[in-house]
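Here's the letter readout for the chains.
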Amino acid sequence: MQGDGRAEVKAEPRTASALGPRRTVEVAVGLPVWGTFHYAVPEHLGTEVQAGSRVLVPFGPRGVTGVVVRIHAEAPAHVGAILPLRQVLDESPALDQSLIDLCLWVAEYYEAPPGEVLRAALPAGTGVLALRKVRLTQEGKAALRGEAPHALSLGARKLLAALEDEERRVTGKDAQGLAQLLSLGLAEETWGETEPRVKARMVTTLALARPPTPEEQAMLARSPRRQEVLTILTQRGGPVEARELARTVKGAAPAIKALRQAGLITAAQCARARDPISQPSPSPSPHAPTQEQVDVLAVISGAVRDGSYQSFLLHGVTGSGKTEVYLRAIAEVRGRGRTAIVLVPEIALTPQLAGRFRARFGDDVAVLHSGLSPGERYDQWRRLREGHAGIALGARSAVFAPLANLGMIVVDEEHDSSFKQEEGVRYHARDVALVRAKRASAACILGSATPSLESYQNALIGRHRLLEMRSRATARPLPEVTLIDLRIHRPDAESMLTAPLAQAVDDVLRAGEQAILFLNRRGFATFVVCVGCGHAFRCPHCSVSLTYHRIGERLCCHYCGYAEPIALKCPMCKGTESIRRLGLGTERIEDALARRFPGARIGRLDRDTAAGRGLRAVLDRFAAREVDILVGTQMVTKGHDFPGVTLVGVLLADTGLSLPDFRAAERTFQLLTQVAGRAGRGDRPGRVLVQTFAPENPAIACAQAHDYHAFFAAEAESRRELFYPPEGRLIAIRLDGAEEKDVRGIADELAARAQVLLEKEGTSGISILGPAEAPLKRLRGKTRWHLWAKGHDRVALRCLVRKLLTDLPRSSGVRVSVDIDPMSTL
C-alpha cells in the first residue's frame, strides 16, 4: 500500500551515530512521508541555516531536499543519534515562520505529509533534486595507474575507469561496483543538486556613467544615434533595458557599444519581473457606494482598525457590488501598512478581477494562478516575498502567498468547490484562509451570492458575522427568471433551443444586445455509438464515454486526457455507416447557433477555448461587444460583469441533479443563481430562461425566485435527517489501484477493522458507510473504492481514521488516501 508508510519511515534518519555539534534542525523532507526529521547542524553551516531554508539532507541510502521548519539550540531529549545535514540551498529563507506554521497545521489537519504541503506553498519549478555523485580518491587514482593493485570485480573495474577524468552521478547499475570502491577507500561520495527549472529573468540594463566632456559632446554631435541614446538615458534618470533602447533607437547596438567603450554608459544584469497583466482594464472613478455598501464597509472597517481577527460572511445578491466592497476594504488595509490576499475560485475570474485591481492599485497587485507560465508565477511570488507588491490575487494556492504583516483575506465566491484540492494535499483554501487570518490577527471576508451551507450555518451560530446586501448596486432589479418545461416545449435537436428561448435570442439580436447560453457539457457529441452492434466508444482507462470533438476530429476523455482519432468504421462489427455521434456539447451548440442565426457573431467559452491565452481573448472580445452570443460551460457563470448581456439561457438545468452526490441540489441552485446573475447588469433589464424537465425541484424553483433563504432552510433540513454537513462531519477514505481484487480486499479489511474499533471503544455517534465502488469506478487506469466515516465530533472521527490506518498491511499497487471534509462523493 502506498500513501501511509508512517511506521517504517518515520525513524529512518535517526539510525546512525551522532555527528557534529548537537545544535539541530527539524526538516520536512520533500517525500510523501509523515512527520519531521532531526538533523545536526555542522559548524561550517551554522550561520547559513534558518527556518524556511531549503536544505540537502541524508535520508536512508539517498539524499533528499527538505525545508527547515524549526531550529533547536540542542537536540530534544526524545531524539536519539542523528545525522548532519549536508548543504543549505538558499541564501535567504524561502518561507517565513508564519507560513511554515500554517503549512504544518495544514499537514496535521488534512492528514498530509508536511513536505508535500510546503512544496505546494512554493512556486512550481523552483524545486531542486538531490544528486548523489562519486569521484576517485587519491588511492583510487593510484589504483587506476596500477600503483596500488586491488582485486576488483568487473563492475568495480569499469566504474574505476569511468571515473578517471571526472566525477559522475550514481545510477542503479553502479551499485555493486560502487560498494566495493567505497569500502576500499578508492572512491568517495559527494552530493549536489539540480538547477531549478525556473529562475529570475535577467535583463541587460544601461545607465549613464558620467556626463560627456565638451570634446566628447562635439564628437556626439556628429553621431545622432549616440546622442539619442545618451538623451534617453539622461531623461530617464535610471537604468533602461537594452532591448527597449534597441526598439526605440534604430541601429542602437553600435552606438551602445561605442558609448560603453568610451565609459559614458555602464551595463548591468538585473532581475526583471515578467508581468502577466498586459494592461489594466479601463476603470472609471468609483461610483458613490450604495447605502448597503456603506453599512457593510463600516462594520469591516471596525475590524481593520482594531487589528484583530474577525471573519465575515458577505451574502450579497449578484450585482450587489461585493467587488467594490473588497476594493475599498483592501484600500483601507493597505493604507494602514498591512497586506491582503484575494482568492478567486478559478482562472476564469482572474483576468477581469486582475484588471480591476490593477486599475485601482497599480503595481501593488501580484497575480498567482495556474494559467501563468512558471516564470511569470515565480516572478509574481518573488515580488510578494520581497515586498514589492502588497496584494496577492489568485486561485486556490494563493492562500500561501508570501506576504508579511497580513491584514485581510478575501475569499470571493466562497461556495465554489474548486477551492478544494482534490488530488495530493486535499486542503480547502477557504478554511485555510480562515486559519491564516486568525493567526495573523487579520480580517477574513467570505463573499458569495449563494453561500455554502456550511458557511451560512456558521454565520447563523455566530462563528462568522453575517453581512447582507439584498439589492443590486445599480437601479436595475434582479432579472426575471422564467422556467421552460421541457416536457411541454420540445427543444431543437441540434441547438437545444425551445421555441420560447429561440424567440428570446432573436429578440436580443434584433435589439443589438448580448446573450449567454449555458450548457455544462463541452465537446461536440457527448458519446459515440455504433447503432449496428451497440458498441460504445469508451475510455480504456476510465469508466466513462469518450466525447467527440470536431476540432481535431478526435474522441477525448475529459478525466484522464486520453484521445484517439474518430473511427471511420466500428472496431467490433466493421460497419462504416452505423457510427452515430449523439448527445450535445458546447461545440455542437456553437455550430448549430451559427447556422440558425447566420448574422450573429458566436463565441464559446469552455476548457477547450480557454487553454493558454484563449480565456482572455474570449472574454475581451465579449466585453468589447465583438460577440453577440457566448456559449459556455460553468466558466461563463463565474462572476463576470458584462453590461451588454440582457438574456441568459440555461439549455438544460437538470444535468447535475441526478449525480450520486449529497451536494447535487446545492450545486445546481448555486450554478443557476450565478449564471442568472450575469443578466441585466447594465442599463437595460435582463431576462433568464431556464429549460428543465423538473421545474418543481426545490433547487430550480428557489433559483427562479432568487430565494437563497428558502433553499437553505429546505436543504439544511434534508441534510439534518441524514447527518450530512453542515449538521455532521465527514471523512472519506479513498482507495485506488490497478487490480480490482486488491483494492476491494483492502477496502473490506478497512471496513472490518472500523467495525471492530467502533465496538471496542464504544464510540457513539460515528458510522461507517461502505466500502463501495466509487460512482466513477475506474479513473486513469485505477479501480476506485471508498469508505466514509460520518459523525458529529470532528476529533473523534480523526482519531478513528488514524487508528484505522495505523499498521495497515501493505498491498503493492493500492493507494489509500484520506480526504478530510470531502466536497465530492464521485
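Relevant structure appears above.
Before going into details, it helps to say that this report is about the structure given with it. Computed from a predicted model, the values in this text were never measured in an experiment.

### A word on the sheet that holds strand 27 (residues 629-632)
Argument step 1. The sheet built from six strands is open, its strands ordered 19-29-28-20-27-26 with parallel pairing. Pairing within the sheet leaves two strands with one partner each, and these edge strands are strand 19 (480-485) and strand 26 (602-605). Neighbour-to-neighbour, the strand axes of this sheet turn through a mean angle of 20 degrees, independent of strand direction.
Argument step 2. Note that strand 26 and strand 27 share four bridges and pair parallel. Bridge pairing in strand 27 links Arg604 to Val631.
Argument step 3. Each of strand 20 (514-518), strand 26, strand 27 and strand 28 (645-650) is contacted by helix 19 (residues 614-623), which is oriented at about 140 degrees to strand 26, the strand it contacts most.
Argument step 4. Across the face of the sheet, helix 20 (residues 664-676) comes into contact with strand 19, strand 20, strand 28 and strand 29 (687-692) while running at roughly 155 degrees to strand 28.

### Overview of the packing of helix 23 (residues 740-761) against helix 24 (residues 794-805)
Argument step 1. Packing of helix 23 against helix 24 brings their axes to within 10 Å, and their N-to-C directions diverge by 125 degrees. As the angle between them shows, helix 23 and helix 24 are arranged oblique. Note that helix 23 runs across helix 24; the crossing there is right-handed. Of helix 24, the residues touching helix 23 (which contributes Leu750, Arg753, Ala754, Leu757, Leu758 and Glu761) are Leu800, Lys803, Leu804 and Leu805.

### Considering unusual backbone geometry
A negative phi holds for most residues other than glycine; trans holds for most peptide bonds.
Argument step 1. The amide bond that connects Pro725 to the next residue, Pro726, takes the cis arrangement and shows omega of 10 degrees.
Argument step 2. Its place among the elements puts Pro726 in the loop between helix 22 (708-722) and strand 30 (729-737).
Argument step 3. In this model, Gly770 is joined to Pro771 through a cis peptide bond whose omega is 15 degrees.
Argument step 4. Relative to the helices and strands, Pro771 resides in strand 31 (residues 766-779).

Cut-offs and rules
Residues numbered from 1 in each chain as written. Predicted model: local features only at pLDDT ≥ 70, side-chain atom pairs only at ≥ 80, totals over all residues. Heavy atoms only, no water. Pairing = 2+ DSSP bridges. Helix = DSSP H or I, 4+ residues; strand = E, 2+ residues; numbered from the N terminus. Axes fitted to C-alpha atoms, helices over the stretch in contact; angles between N-to-C directions. Contact = heavy atoms within 4.5 Å. Parallel < 35°, antiparallel > 145°, perpendicular 65-115°, else oblique. Left-handed = near helix turned anticlockwise from the far one by under 90°.

The values are spatial; any link to function lies outside them.
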